[in-house]
Amino acid sequence: DSGVTQTPKHLITATGQRVTLRCSPRSGDLSVYWYQQSLDQGLQFLIQYYNGEERAKGNILERFSAQQFPDLHSELNLSSLELGDSALYFCASSVGGATDTQYFGPGTRLTVL
Amino acid sequence: AQSVSQHNHHVILSEAASLELGCNYSYGGTVNLFWYVQYPGQHLQLLLKYFSGDPLVKGIKGFEAEFIKSKFSFNLRKPSVQWSDTAEYFCAVILYTGRRALTFGSGTRLQVQP
């Protein structure tokens, strides 16, 4: 158990819908990262937040957005869902220093029908 | 852009065989290097990491990796694999300067036969 929690574990929804994935980082970690794992794209970085502020963006679609709240939990919002958005979404957290390590949560498996 | 290559996509070994998984990255600057493992149905777990110092890094479960800067490589090794090592292994890189997000290789699926 890494100490990073994600909910829900599984999510099944229809095209065009909007969902919210939630991540709670390890105690003391200020940085949260979101990654997408799919069969065709592999593991890709989406976005990073540090202490409530967006720090870096990766291959995140405009239909996707995220935020980090004052209690440091983060939410990833996916809207106008398409079949191709079906994937495993991982959250990782770290202290945020120059030599820190990211610890991954169990992931949310999103299925878009 | 930086990239990470894992040339072995699927490796099948018998128990007690030795393992070496290749990882190469394309970036000329300072990098932090990682190997993560994903057991079936589970999340990514850190096996080992390299930031600086001794280029031979020891991790959990008997794994080690060697950073060879001249070859831009960070190969993962284990002298004797067990059936429980069956998993997918990912090499990942962070640029020391710039964003701290991980860039992952495509992964190597290891199957250990009893």
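First, a word on scope: everything that follows refers to the structure included in this document. What you see as residue numbers is a count from 1 along each chain, following the sequence as written. Labels are handed out in written order, letters beginning with A for the chains and numbers beginning with 1 for the ligands. Two thresholds apply to this predicted model, a pLDDT of at least 70 for residue-level local features and 80 or more for giving and counting side-chain atom pairs, whereas whole-chain, interface and lining totals are computed over all residues. Side-chain metrics in this entry use all non-hydrogen atoms of the structure; hydrogen atoms and water are not considered.

Broken down by element type, chain B carries zero helices and twelve strands. To qualify as a helix, a DSSP run of H or I must reach at least 4 residues; to qualify as a strand, a run of E must reach at least 2; elements of each kind are numbered from the N terminus. Going residue by residue from the N terminus, the α and β elements of chain B occur as β-β-β-β-β-β-β-β-β-β-β-β. We compute the radius of gyration from the C-alpha atoms alone; for a globule the expected value is 2.2 Å times N to the 0.38, where N is the number of residues. Taking 2.2 N^0.38 as the reference for a compact globule, 114 residues should give roughly 13 Å; the C-alpha atoms of chain B span a radius of gyration of 14 Å, in line with that estimate. Projected onto its principal axes, the C-alpha coordinates of chain B cover approximately 45 × 30 × 20 Å. Residue exposure (1.4 Å probe, protein chains only): buried if accessible area is under 20% of the type maximum, exposed if over 50%, otherwise partly exposed. Per-residue burial for chain B yields a buried fraction of 50% across its 114 residues. In chain B, the proportion of contacts linking residues at least 24 apart, taken out of those at least 6 apart, comes to 56%. Just so you have it, chain B exposes about 5,400 Å², and 52% of that area is on carbon and sulfur atoms. With 10 positive and 7 negative side-chain charges, chain B shows a spacing of 9 Å between the two charge centroids. Contacts are assigned to residue pairs that have any heavy atoms within 4.5 Å of one another. Accessible surface is estimated by sampling points in the Shrake-Rupley manner with a 1.4 Å probe; for residues, cover comes only from the protein chains shown. Counting rule for charge: Lys and Arg are taken as positive, Asp and Glu as negative, and neither His nor the chain ends is counted. To locate a charge, take NZ of a lysine, CZ of an arginine, CG of an aspartate or CD of a glutamate.

Glancing now at the side chain of Thr103(B). Note that Thr103(B) resides in strand β11 (residues 103-104). If we skip the residues at most four places from it in the chain, Thr103(B) touches Gln2(B), Val4(B), Cys91(B), Ala92(B) and Val93(B).

For salt bridges, the criterion is a side-chain nitrogen of Lys or Arg within 4 Å of an Asp or Glu carboxyl oxygen. The tally for this structure, following the rule as stated, stands at eight salt bridges over all chains. With a shortest N-O distance of 2.8 Å, Arg26(A) and Asp29(A) are connected by a salt bridge. A salt bridge links Glu64(B) to Arg77(B), with the nearest nitrogen and oxygen atoms 3.4 Å apart. Of this pair, Glu64(B) sits in strand β8 (residues 64-68) while Arg77(B) is found in strand β9 (residues 73-78), placing the two residues 13 residues apart along the sequence. For Glu64(B), a relative accessible area of 18% translates into the label buried. Given the relative accessible area of 22%, Arg77(B) is considered partly exposed. Three or more residues joined by partner-sharing salt bridges are found here, namely Lys58(B), Glu64(B), Glu66(B) and Arg77(B).

With that settled, the discussion passes to the sheet that holds strand β3 (residues 19-24) of chain A. Working definition: the strands of a sheet are paired by backbone hydrogen bonds and lie parallel or antiparallel to each other. Residues and elements named next belong to chain A. Reading across the sheet, the four strands line up as β1-β3-β8-β7 and stay open at both edges, with antiparallel pairing between neighbours. Pairing within the sheet leaves two strands with one partner each, and these edge strands are β1 (5-7) and β7 (64-68). In this sheet, adjacent strand axes meet at a mean angle of 15 degrees when their direction is disregarded. Strand pairing is defined by DSSP finding a minimum of two bridges between the two strands. As judged from the five bridges shared by β3 and strand β8 (residues 74-78), these two strands associate in the antiparallel manner. Considered in β8, the bridge of Thr-20 is made with Asn-77. In this analysis, axes come from line fits to C-alpha atoms, helices being fitted only over the stretch in contact, and the angle between any two N-to-C directions falls in the range 0 to 180 degrees.

So far we have only geometry, and geometry alone does not tell us how the molecule works.
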